[in-house]
Amino acid sequence: MSTPSPSIPASAPGARLIRTLGLVAAVSGLLVVLTDRITAPYIAANRRAAVEQAVSRVLPGAVRRADFVLTPDGGLAPASAGTKGQAVYAGYDASGRLVGVAVQGAARGYQDLVRVLFGYSPACHCVVGMTVLQMAETPGLGDRAKSDPAFLANFRALDASLNEKGSALAHAIQTVKHGSKSSPWQIDAMSGATITSKAVGRAIDASAERAVPAIEHHLDLLGGAR
Amino acid sequence: MPTNPLQVEQLSADTFLRGLWEENPVFVMLLGMCPTLAVTNSAMNALAMGLATTFVLICSSALVSLLRALVPKQVRIATYIVIIATFVTMVDYTIQAISLTLYNALGAFIQLIAVNCIILGRAEAYASKQPIANAVVNAAGIGGGFTLALLCLGAVREILGNGSLFGVHLFGPSFQPWVIMVLPPGGFFVLGSWLLTFAWIRRRRERSRQEVPHGA
């Protein structure tokens, strides 16, 4: 676009076009970098606050947090710059006892991926809280997964105990039709939002299947309660 | 168009006001329909989107107007896009710093301000030919008109579809929300109703203006 050609009038030689674009790009770059420098600490603080808020919502009573990762081979390791894997957040109460571990899960909902965070408590071998981190479900129907008190009550003591070998969940967490919950590992679906309810159930089940054995086998590392 | 330069306009109240009414980007020019329909499902989202767009509009108009003598016309569109994209990126970071909830609610539409035709239209048709004071005042008017229009849609949709305004619940717990109003079709219904209202008001005003000389 900057090479002079017969169609470009002599009044605007290539050098001038390049100079103009270069100047504008330089000013633009300067402004963007400045904004990034100024806002970066606030954005990081917001992100941290969002994670902390979500963790304290799914682990009632937790006041302190330590980050761990689930390693690909099914282990658990303290989070540091080098370790790779899914992040999980251990929450401790005021006296330093482990309240539980917050784990993320995701499954396809009605519109888009439903991302949830749930708290697993090794003391009761159950899920003690759930919050939706991200979803694009239908307002008024699926998006009640965030707020419907009856639905959220499912996750106050949702059984997630391991089988005898300790290798997997004894019972898969499953979502059942509204009003037909009969076992402690079942989730009572919201009426009119079965797909979203099932997505939440699948997200927790798939994630718990991996995370719970790792947590139970590494309680000493977590600074165990019990 | 650069071949048909506009004369430098005398700065007046009309420079600002015409963006609110006569040249309202949404209700008269029907520009920027994408954010208008997509993020007006609540009054707060509408206000945030309107203010973000207004900020980009004012800043880019000012810079385009300042650089108008320097920019060769062969690269003017490229220059405008770079300027606009810069301010959009700044808004993007700023909103993330203010509130992540708001940022998530507005989604991709913040970045998409860069391709909002209202802003490029102002840069090309007005700011590139007028002194900076005119460009800023005019951009503020257009931005104000856009924000106003978004708020009109957002408020109606939130009240009908959620029973609240700016998150404050207006009716009791027995209120059955009209959910379709916060869903995409509701955007079209409410926009259509507002367009009808505005067209009706405008026609009445035109008619009464025509009738005055006859009566006198």
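Please read these numbers as outputs of a predicted model, since none were measured by experiment. (Residues numbered from 1 in each chain as written. Chains lettered and ligands numbered in written order. Predicted model: local features only at pLDDT ≥ 70, side-chain atom pairs only at ≥ 80, totals over all residues. Heavy atoms only, no water.)

## As for the pairing of strand 4 (residues 98–108) of chain A
Residue and element names in this part refer to chain A.
Thought 1: Within strand 4, eight of the 11 residues are buried, which leaves the element mostly enclosed by the surrounding structure.
Thought 2: Relative to strand 4, strand 3 (residues 86–92) runs antiparallel, the two being bridged by five bridges. The partner of Y92 across the bridge, within strand 4, is L98.
Thought 3: Between strand 3 and strand 4, which pair antiparallel one after the other, the connecting turn spans five residues, and G96 there sits at a positive phi close to 85°.
Thought 4: Bridge count between strand 4 and strand 5 (residues 113–121): eight bridges; the pairing is antiparallel. Across the sheet, V103 pairs through a bridge with F118, a residue of strand 5.
Thought 5: The hairpin turn running from strand 4 into strand 5, its antiparallel successor, is four residues long. (Buried < 20%, exposed > 50% of the residue type's maximum accessible area, 1.4 Å probe, protein only. Helix = DSSP H or I, 4+ residues; strand = E, 2+ residues; numbered from the N terminus. Pairing = 2+ DSSP bridges.)

## Re the interface of chain B and chain A
Thought 1: Listed by partner, the interface residues are 25 residues for chain B and 24 residues for chain A.
Thought 2: Buried area between chain B and chain A, both sides added, is near 2,000 Å², and the carbon and sulfur share of it is 75%.
Thought 3: In terms of surface lost to chain A, no three residues of chain B exceed B:Q74, B:Y93 and B:L100, which account for 25% of the buried area on that side.
Thought 4: Along the contact surface separating chain B from chain A lie zero salt bridges. (Contact = heavy atoms within 4.5 Å. Buried area = accessible area lost by both parts, 1.4 Å probe. Salt bridge = Lys/Arg side-chain N within 4 Å of Asp/Glu carboxyl O.)

## Quick notes on the pattern of salt bridges
Residues and elements named next belong to chain B.
Thought 1: Enumeration over the complete set of coordinates arrives at eight salt bridges over all chains.
Thought 2: For R18, the salt bridge is made with E23, and the minimal N-O distance between the two is 3.5 Å.
Thought 3: Of the residues examined, R18 reaches a relative accessible area of 12% and is grouped as buried.
Thought 4: Residue R76 pairs with E124 through a salt bridge whose shortest N-O separation is 3.1 Å. Highlighted residues: R76 in helix 4 (residues 76–98) and E124 in helix 6 (residues 117–125), separated in sequence by 48 residues.
Thought 5: Judged by its relative accessible area of 19%, R76 falls in the buried class.

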